[in-house]
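Observations on the model geometry
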Amino acid sequence: MADNGIQLFVACNGPSYIFNNVTNAFGQITDPDFTGAVTVSYLDGYFVFIEPNSQLVWSTAILDGTSIDPLDFASAEGSPDNLVASVADHLELWLFGTNTTEVWYNAGNVGFPLQRIQGAFMEIGCAAAFSVAKLDSTVFWLGADARGKGIVYRAKGYRGSRVSTHAVEWQIQQYPNISDATAYTYQQDGHAFYVLSFPSANATWVYDAATGVWHERAGYANGKFIRQRAASQTFFNNEITLGDYQTGELYAYDLELFADGGRTQKWLRSWRALASDANTLKRTTQYNLQLDCESGVGLDGGAPSTTAYTVNSISADAVSAGPVSGESGVATTAVLVQGADPQIMLRWSDDGGHTWSNEHWKSMGMIGEYGKRVIWRRLGMTQKIRDRVYEVSGTDPVPVYIMGAQLFISPTNA
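Summarised in this report is the structure supplied together with it. Only a predicted model underlies this, so the values are computations on that prediction, with no experimental measurement involved. (Residues numbered from 1 in each chain as written. Predicted model: local features only at pLDDT ≥ 70, side-chain atom pairs only at ≥ 80, totals over all residues. Heavy atoms only, no water.)

1. Section: the environment of Asn24
Within the secondary structure layout, Asn24 lies in the loop between strand 3 (17-20) and strand 4 (26-28). Residues Asn24 and Gln7, spaced 17 residues apart in sequence, show a C-alpha to C-alpha distance of 9.6 Å. (Helix = DSSP H or I, 4+ residues; strand = E, 2+ residues; numbered from the N terminus.)

Here's what the structure looks like:
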């Protein structure tokens, strides 16, 4: 979508539409010279759009998206690849092909007003039309070229600068289809985020431009992680407002709330017990693991929920998820709504993440229990691979601040 202050142009990869915010009229563009639009941008009074399955870029009449002159077009001929996306940035139009990208500007020409900037051509194209998004005073996109695809770039001048890591690229390139990827951007508390979702792969990756670090985000349904439900974003009424790809519901990013539109959410962190330079490849006895995290974060009375906890002196588990095998001890039972006594689940793998132990639950502390230690003891001995991966997770709607972890071990001679 793009607007000129009066009209909103909605490009629909073919037949497209105009909404007039003065008359509140909404209708299809019926000009007989309109060829359809894949994407649309606003530049210097013109709507500029690309024609489906072509190299052609068109402009409408100035300040009127319903009027198209049959001669007001040009061809991005720097390379024979078709155009897949466009975006206006800093009064310039970026035209993304399948393998290359060109940058044009308003030269004031009679008829079609734009002209390609000499030297503003790169041999990097776009793998997904709706992965193109503006952030941090530049443009980000999921790239492709004649040699492959699946690298995320940001523009630096008229060049693409790679921002994805090998690990992120490996994961992206495992997905059977990345052409349907979509992206939105936002900034919060000084961090600028590029959020890239893959509908076919049911996954979401996020790049933090402030730190240069990637992370995954997810929804949670039927016991599995899915792609994040938010698929679009705008800043409105002092809120970062997002749209649900499945239901059309609107949400807001709020750092003081810990819910996912009323649905269960789950967080997860995992790491190797020993760094590569500290692993002697000998079996180790792992005595205890303590998280350095903020405790006493339980909700006052708990969040409204039908999920209850059965709590005993050793461990706790959600009733709906089944019981946890506890150690010896006399069980005392109390029923709490979710969040009143938030739990962290620990499990580990001794074969590189192929198989996992049972979950071991510990409380993060009910409200006011600020001195609560989150510690697991008697963690056993590593097996054949002589390495271990730990994973912690939780589903309670409470803040989770983990600063680090301390592991006590002793090596063996084996």
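Next comes the rest of the account.
2. Remarks on the environment of Val297
Positionally, Val297 belongs in the loop between strand 28 (284-293) and strand 29 (308-311). Residue classification places Val297 among the buried residues on the basis of a relative accessible area of 10%. Separated by 73 residues in sequence, Val297 and Tyr370 have C-alpha atoms that sit 7.8 Å apart. Setting aside residues up to four positions removed in sequence, Val297 forms contacts with Pro342, Met364, Gly365, Met366, Val398 and Pro399. (Buried < 20%, exposed > 50% of the residue type's maximum accessible area, 1.4 Å probe, protein only. Contact = heavy atoms within 4.5 Å.)

3. Let's talk about the nonpolar core
Leu142, Val152, Ile172, Tyr194, Leu196 and Phe198 are the most contacted members of the largest nonpolar core, which has 24 residues in total. Elements represented by at least two residues in this core include exactly strand 14 (133-135), strand 15 (138-145), helix 1 (166-174), strand 19 (191-198) and strand 20 (203-208). When residues in this core are grouped by element, the largest group, four residues, is from strand 19. When near neighbours in sequence (up to four residues on either side) are disregarded, Leu196 contacts Ser131, Leu142, Val152, Ala181, Thr182, Ala183, Ala203, Thr204 and Trp205. (Core = buried A, V, L, I, M, F, W, Y, C linked by side-chain atoms within 4.5 Å.)

4. What about unusual backbone geometry?
Excluding glycine, residues mostly have negative phi values, and the peptide bonds linking residues are mostly trans. Of note in this structure, Asn53 is not a glycine but carries a positive phi near 55°. Inspection of the secondary structure assignment puts Asn53 in the loop between strand 6 (46-50) and strand 7 (56-59). Classification of Asn53 by relative accessible area gives exposed; the value is 72%.

5. Some points on helix 1
Within the sequence span of helix 1, burial applies to Val168, Glu169 and Ile172. End-on, the buried residues of helix 1 take up no more than an arc of 95°, which puts them together on one face. Exposed and facing more than 90 degrees away from the buried side of helix 1 are His166, Ala167 and Trp170. In this fold, the buried residues of helix 1 make contact with strand 15, strand 16 (148-156), strand 17 (159-162), strand 19, strand 20 and strand 21 (213-217). (Arc of directions from axis to C-beta.)

6. Some details on the pattern of salt bridges
Enumeration according to the criterion identifies ten salt bridges in this entry. Linking Arg116 and Glu102 is a salt bridge whose minimum nitrogen-to-oxygen distance equals 3.5 Å. A residue pair is termed long-range when its members are at least 10 positions apart, and Arg116 in strand 12 (residues 114-122) and Glu102 in strand 11 (residues 101-106) qualify at 14 residues. A residue is classified by how much of its surface remains accessible, and Arg116, at 30% relative accessible area, is partly exposed. Residue Asp145 is joined to Arg147 by a salt bridge in which the shortest nitrogen-to-oxygen separation is 3.7 Å. Look at Arg147 and you get exposed, because its relative accessible area is 63%. (Salt bridge = Lys/Arg side-chain N within 4 Å of Asp/Glu carboxyl O.)

7. Side note on the pairing of strand 24 (residues 230-236)
In this sheet, strand 25 (residues 239-244) lies alongside strand 24 in antiparallel orientation, the contact comprising six bridges. The residue bridging Phe236 from the neighbouring strand is Glu239, located in strand 25. (Pairing = 2+ DSSP bridges.)

8. Quick look at the layout of surface pockets
Unoccupied space between atoms shows up once a probe the size of one water molecule is rolled over them. When its volume is computed, the largest pocket comes out at roughly 1,900 Å³. Surrounding the largest pocket, 47 residues form its lining, His215, Arg217, Gln265, Trp267 and Arg269 being those nearest its centre. If you list the elements that add at least two residues to the lining of the largest pocket, you get strand 18 (182-188), strand 19, strand 20, strand 21, strand 23 (224-226), strand 25, strand 26 (250-252) and strand 27 (267-272). A class-by-class count of the residues in the lining of the largest pocket yields 26 nonpolar, ten polar and eleven charged. Volume-wise, the second largest pocket comes out at about 1,000 Å³. The wall of the second largest pocket is formed by 30 residues, among which Met1, Val87, Val132, Ala133 and Ala183 lie closest to the centre. Among the secondary structure elements, those contributing two or more residues to the lining of the second largest pocket are strand 1 (2-3), strand 5 (40-43), strand 9 (83-89), strand 14, strand 18 and strand 24. Tallying contributions element by element places strand 18 first for the lining of the second largest pocket, with six residues. Partitioning the lining of the second largest pocket into residue classes produces 19 nonpolar, nine polar and two charged. (1 Å grid on protein atoms, 1.4 Å probe; cavity = no way out; pocket = protein on both sides within 12 Å on 5 of 7 lines; lining within 4 Å. Points joined across faces, edges and corners; volume = space filled by probe spheres on them. Nonpolar A, V, L, I, M, F, W, Y, C, P; charged D, E, K, R; others polar.)

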